[in-house]
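# Tertiary structure, described
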Amino acid sequence: MMNLSRSVALISLFLLPLLTFSFSVDNPTDRRVLVLLDDLSLKSSHSIFFSTLKSRGFDLDFKLAEDSKLALQRYGQYLYDGLIIFAPSTERFGGSLDSKSIAEFVDSGRDLILSADTSASDLIRGIALECGVDFDEDSSAMVIDHSSFDGDHTLIAADDLVKSHAILGKTKIEAPVLFRGVAHSLNPTNNLVLKVLSASPSAYSANPSSKLSSPPQLTGSAISLVSVMQARNNARVVISGSLQLFSDRLLRSSVQKAGSPNKYEKSGNEQFVTELSKWVFHERGHLKAGSLVHHRVGETDEPAIYRIKDDLEFSVEILEWSGKSWEPYVADDMQVQFYMMSPYVLKTLSTDKKGLFHTSFKVPDVYGVFQFKVEYEKLGYTTLSLSKQIPVRPYRHNEYERFIPTAYPYYGACFTTMAGFFVFSFVYLYHK
Amino acid sequence: MGAKKASPDLLNSSFSFKSLKLKTKQQELLLRVSILGLVYVLAFIARLFSVLRYESMIHEFDPYFNYRTTLYLTEKGFYEFWNWFDSESWYPLGRIIGGTLYPGLMVTAALIYWTLRFLRFFVHIREVCVLTAPFFASNTTIVAYFFGKEIWDTGAGLVAAALIAICPGYISRSVAGSYDNEAVAIFALLLTFYLFVKAVKTGSLSWALGSAFGYFYMVSAWGGYVFIINLVPLYVLVLLITGRYSMRLYVAYNCMYILGMLLAMQIRFVGFQHVQSGEHMGAMGVFLLMQVFYFLDWVKYQLNDTKLFQTFLRITVTSAILVGGIALGVGTASGYISPWTGRFYSLLDPTYAKDHIPIIASVSEHQPTAWSSFMFDYHILLFLFPAGLYFCFKRLSDATIFIVMYGLTSLYFAGVMVRLILVATPAVCLISAIAVSATVKNLTSLLRTKQKVPQTGSTKGVGSSKSSSKVTLDQSQPFQKNGAIALLVGVFYLLSRYAIHCTWVTSEAYSSPSIVLAARGAHGNRIIFDDYREAYYWLRQNTPTDAKVMSWWDYGYQITAMGNRTVIVDNNTWNNTHIATVGRAMSSYEDEAYDIMRSLDVNYVLVVFGGVTGYSSDDINKFLWMVRIGGGVYPVIKEPDYLVNGEFRVDKGASPKMLNCLMYKLCYYRFGELVTEYGKPTGYDRARGVEIGNKDIKLEHLEEAYTTSNWIVRIYRVKPPTNRL
């Protein structure tokens with residue numbers, strides 16, 4: 001019996017590191033990634049991108065998109081933490097996979113890299129549409145630019161990148177990013193999706209092999225080349241209009257923007273895709289908040305209810321995932337609201353550089369059911385939306401002042417009347 | 001015992017006569033006490049129909065709040081109750097319970113509960129709450145007896161007690177389980193009036209003090225105390241005008257007003273209204289008038305000169321009215337004296353609420369009374385009332401003037417609002433009792449003198465002059481005896497019809513808890529719809545404890561009391577804007593409503609729907625009030641958008657806005673698939689008798705969480721915002 005339990009403990013000890021590899025709140029970086037390809041040759045033509053992922057510890061599982069055994073989950077458990085779809089021409093996935101199950105995959109908090117290309121299938125367009133991205137309807141259209149190109153006018157040398165350290169890393173991407181593929185635009189009602197790599201104002205989307213008969217529908221900087229979407233549950237999605245962007249050829253090629261004297265030995269593609277993959281797989285820009293802590297000044301326990309005009313202290317611990325461990329998050333733009341239908345108090349939190357954000361304020365002179373609210377939405381970072389409900393009551397009957405100084409004349413009047421009445425009755429009754 | 005004691009005295013004839021006389025007096029006392037005792041018990045058991053028919057449960061809407069607060073009071077003690085800030089209602093505003101209720105009822109029930117516990121009767125607080133109303137109804141009969149005795153005689157008192165014990169107008173709000181303020185307030189009202197009349201009659205300070213305490217109890221129990229504080233000054237004013245001013249009146253009114261006012265200020269909800277609100281200014285004016293009157297009386301006594309006094313009178317009266325008018329004007333203009341409230345206006349002018357305050361007009365018990373409900377609630381009292389008034393006028397005294405004024409004013413208010421029939425009931429019973437008692441007394445005395453006529457022939461000694469005069473009178477009207485007997489039989493027939501009517505009304509109409517519905521099945525069997533409690537218990541068991549439920553305000557108290565969940569609005573209706581917001585959400589399209597619900601942190605939406613069972617007081621029938629109340633604050637909601645040619649309909653001819661608003665969608669979701677009645681198409685609404693116009697309802701932001709077995713209550717969950725859009 002003892003032996004058995006010991007061996008069970010031992011086995012579980014061995015299993016522990018395996019278990020922790022899977023996606024969890026404590027370790028948000030994805031580990032198991034399914035790569036769907038429409039041609040296995042992509043494995044070698046995009047080997048640099050895949051090997052950087054492998055070197056960062058990702059467990060890549062290459063499958064053909066038509067593979068009939070494809071499945072994202074088994075017995076209700078997801079088998080993968082991330083999904084890379086490099087299969088732009090696939091009309092139907094094999095197995096149980098379809099656009100709905102991929103949307104569910106994202107809705108469960110898992111990440112996705114989707115790459116389309118010219119002549120992208122309806123399936124791929126459909127998945128992109130679910131994420132707020134519309135590819136050009138003309139399936140033969142490509143992005144054409146007569147000013148920002150490298151050699152061929154469909155090979156765009158784009159340098160209009162989003163300015164966010166969280167998404168693209170601290171080191172600036174100097175060389176332009178080479179892009180050849182289809183244009184897309186963002187759904188204007190969706191505010192979760194944003195452009196990472198935009199086309200220049202002179203770009204347009206059209207079929208390069210035929211003459212333009214009508215003005216192109218997508219033009220200029222409205223065209224997005226690569227976009228990202230961070231869902232409300234912080235699942236991240238990268239959508240690229242070009243599969244070649246990730247290819248070894250463009251990663252290794254030199255670049256010289258037409259009309260520009262600067263020639264770079266290497267394009268910015270490698271840095272761009274590496275940094276972007278770090279972001280999408282939660283190696284960067286992932287925040288975690290502890291619980292909201294609040295108490296009266298001078299106390300440590302959290303009260304069940306506050307009284308109006310109480311002084312209180314509020315704090316929250318926020319940590320950032322560095323890819324390996326949780327580090328304190330440092331920022332000066334974290335705010336807390338004391339909210340009841342509208343914010344009654346709005347205060348910027350000060351930080352002790354160890355991850356603890358704190359402030360103190362006075363409860364407003366309004367009773368009701370309030371909420372402490374921390375709504376933190378910073379470009380590239382996970383959205384923090386924390387709230388905690390707390391009622392605020394008015395004074396109790398014995399918490400008012402017993403004697404008001406300004407009322408002393410009235411107290412005096414009252415008591416002199418009483419005394420006078422007593423004396424009067426005495427005199428009236430017995431003075432005869 | 002009495003008979004045995006009397007038998008030895010038979011030898012002495014003069015002694016036996018005396019003891020016999022004593023015996024009749026004792027008998028009369030015994031009779032009176034036993035009648036009162038029977039009436040007391042009768043008043044209690046007549047109100048137990050609801051317990052026997054259903055179960056010992058709290059009825060309707062407001063009583064659930066009273067029950068919840070009483071529970072809190074008994075569990076946490078008085079000071080916690082007094083300072084209770086309730087964060088479970090009116091989310092997110094909250095409600096200061098201690099400062100916004102009349103605590104009299106809860107304190108009374110808690111005292112009864114504590115007393116019973118002290119006496120080692122371990123009852124549940126719910127049983128105490130259920131039986132509080134019948135208990136106080138019984139007490140009211142005793143007060144009615146004394147009141148009747150005070151204004152007429154003991155006979156009238158007994159009849160009044162018997163009449164009020166079973167009068168449907170009173171039973172409607174005091175059956176077991178109807179745990180509402182009115183349950184104790186009618187007792188307090190009648191007690192205050194009785195003690196005041198007694199004080200005026202005797203001029204005694206102690207009775208006036210008692211009346212002040214009665215008033216205090218009334219103020220602590222019900223907002224209807226405003227009726228007392230206006231009727232009593234009016235009565236005093238009438239006495240002054242008719243020249244019935246006396247020192248007794250002066251003592252009674254001054255003592256009652258000053259002490260009553262000071263005591264009433266102790267109730268947090270009332271506070272300084274006695275000196276600040278327009279409704280209470282009449283009492284103060286009369287109080288000052290009394291002082292002027294007294295002063296004038298004294299000056300008249302001192303001057304002993306009519307001419308000089310006349311000029312003095314003119315000067316004083318003009319200056320007094322002038323000063324009073326200026327004070328009132330300045331007070332009103334500066335905002336110190338608040339103007340009359342809407343409820344008060346709507347009492348004086350029945351059309352006021354309809355035009356200005358839809359939230360008051362929307363309550364069914366605030367509607368003007370139909371004549372049939374007078375007949376239903378008063379039965380023969382309606383005919384006896386004028387007769388009683390005739391007797392009162394015939395024997396005018398301070399007391400009868402009071403009861404006449406009480407009867408006439410309250411009957412007017414009863415005509416304005418259905419629920420005020422309750423206030424008029426004691427007066428109607430008392431005045432009718434005078435009519436019955438006086439008539440029966442006259443008739444029986446006629447019969448008795450008839451019987452005595454042959455006796456007077458043999459024994460001449462006893463009051464010969466009186467009897468002889470009656471003999472002559474009798475001879476002039478030969479059929480008087482028969483007439484009297486016929487009339488007596490008629491009176492008793494009427495009274496028995498009254499008793500039958502009252503019992504029938506109580507058992508059929510006024511004993512329904514309205515939270516459990518009953519209907520007759522196809523075979524005459526009783527079908528019980530217990531959907532409300534089913535839904536509330538579902539909420540209690542299956543939702544997070546901090547979930548917020550949005551529903552129309554009618555169900556707020558029940559959800560907090562039975563479901564134990566936070567509600568957005570409830571029956572307190574203190575914040576019209578908040579209710580209008582809910583009304584707006586219910587009458588908007590789903591996506592607009594979703595934004596409103598998100599801003600109020602709503603997790604669940606509850607609607608009441610009668611289309612399957614044919615239950616007519618559901619949310620669709622209340623819907624126009626939601627539109628009106630919502631539109632009163634948010635002009636984007638317009639009533640004509642929901643009507644077609646001024647007609648409210650839900651079938652194919654309904655307006656497009658109606659067919660797609662949130663309330664319609666929530667009520668009729670999945671209803672289009674259902675066959676409710678044999679031989680009718682699917683989606684046939686039995687409450688309105690039409691086939692619904694929108695059978696294909698798709699919900700985007702809400703999902704069905706629970707629907708009770710008869711579809712009366714439907715609960716929907718508000719979905720979180722979509723993940724990717």
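From a predicted model like this one, the values you see are computed outputs, not experimental measurements.

### Concerning the interface of chain B and chain A
- If you look at the interface, chain B gives 19 residues, while chain A gives 25 residues.
- Interface area, chain B with chain A, both sides summed: about 2000 Å², of which 54% is carbon and sulfur.
- Ranking the residues of chain B by area buried against chain A places B:F85, B:N723 and B:R724 at the top, with a combined share of 36%.
- Linking chain B with chain A are three salt bridges, by the criterion used here.
- If you tally residues by element for the side of chain B that touches chain A, the top one is helix α5 (residues 78-82) of chain B, at three residues.
- A breakdown of the residues in the side of chain B that touches chain A according to their chemical character gives 10 nonpolar, five polar and four charged.

### Quick word on the domain arrangement of chain A
All names here are of chain A.
- Domain parsing of chain A yields domain 1 (24-281) and domain 2 (286-393).
- Tallying the contact residues gives 16 residues for domain 1 and 10 residues for domain 2.
- Here domain 1 and domain 2 share an interface that buries about 960 Å² over both sides, 52% of which is from carbon and sulfur atoms.
- The interface formed by domain 1 and domain 2 includes four residue pairs in polar contact (both at pLDDT 80 or more).
- Looking at the side of domain 1 that touches domain 2, its residues break down into seven nonpolar, five polar and four charged.

### Some details on the domain arrangement of chain B
- Entries for chain B in the domain assignment read domain 1 (181-292) and domain 2 (528-718).
- Computed from C-alpha atoms alone, the centre-to-centre distance between domain 1 of chain B and domain 2 of chain B is 45 Å.

### Points about helix α4 (residues 99-107) of chain A
Residues and elements named next belong to chain A.
- Those residues of α4 that fall on the buried side of the exposure criterion are S101, I102, A103, F105 and V106.
- Against β4 (77-78), β5 (82-86), β6 (111-115), α5 (122-130) and β17 (236-240) lie the buried residues of α4.
- Following α4 by one or two positions, G109 adopts a phi angle in the positive range, close to 95 degrees.

### Digging into unusual backbone geometry
- Look at the link from B:Y91 to B:P92: it is a cis peptide, with omega at -5 degrees.
- The residue B:P92 is located in the loop between β1 (85-86) and β2 (95-96) in this model.
- Its identity is not glycine, yet A:K309 carries a phi of approximately 65 degrees, on the positive side.
- For A:K309, the location among the structural elements is in the loop between β22 (306-307) and β23 (311-321).
- Even without being a glycine, A:M341 presents a positive backbone phi close to 70 degrees.
- When you line up the elements, A:M341 lands in the loop between β25 (335-340) and β26 (342-348).
- When its relative accessible area of 41% is taken as the criterion, A:M341 is described as partly exposed.

Rules and cut-offs
- Residues numbered from 1 in each chain as written.
- Chains lettered and ligands numbered in written order.
- Predicted model: local features only at pLDDT ≥ 70, side-chain atom pairs only at ≥ 80, totals over all residues.
- Heavy atoms only, no water.
- Contact = heavy atoms within 4.5 Å.
- Buried area = accessible area lost by both parts, 1.4 Å probe.
- Salt bridge = Lys/Arg side-chain N within 4 Å of Asp/Glu carboxyl O.
- Helix = DSSP H or I, 4+ residues; strand = E, 2+ residues; numbered from the N terminus.
- Nonpolar A, V, L, I, M, F, W, Y, C, P; charged D, E, K, R; others polar.
- Domains from an automatic or database assignment.
- Polar contact = N/O pair within 3.5 Å; in protein donor to acceptor, adjacent residues only side chain to side chain.
- Buried < 20%, exposed > 50% of the residue type's maximum accessible area, 1.4 Å probe, protein only.

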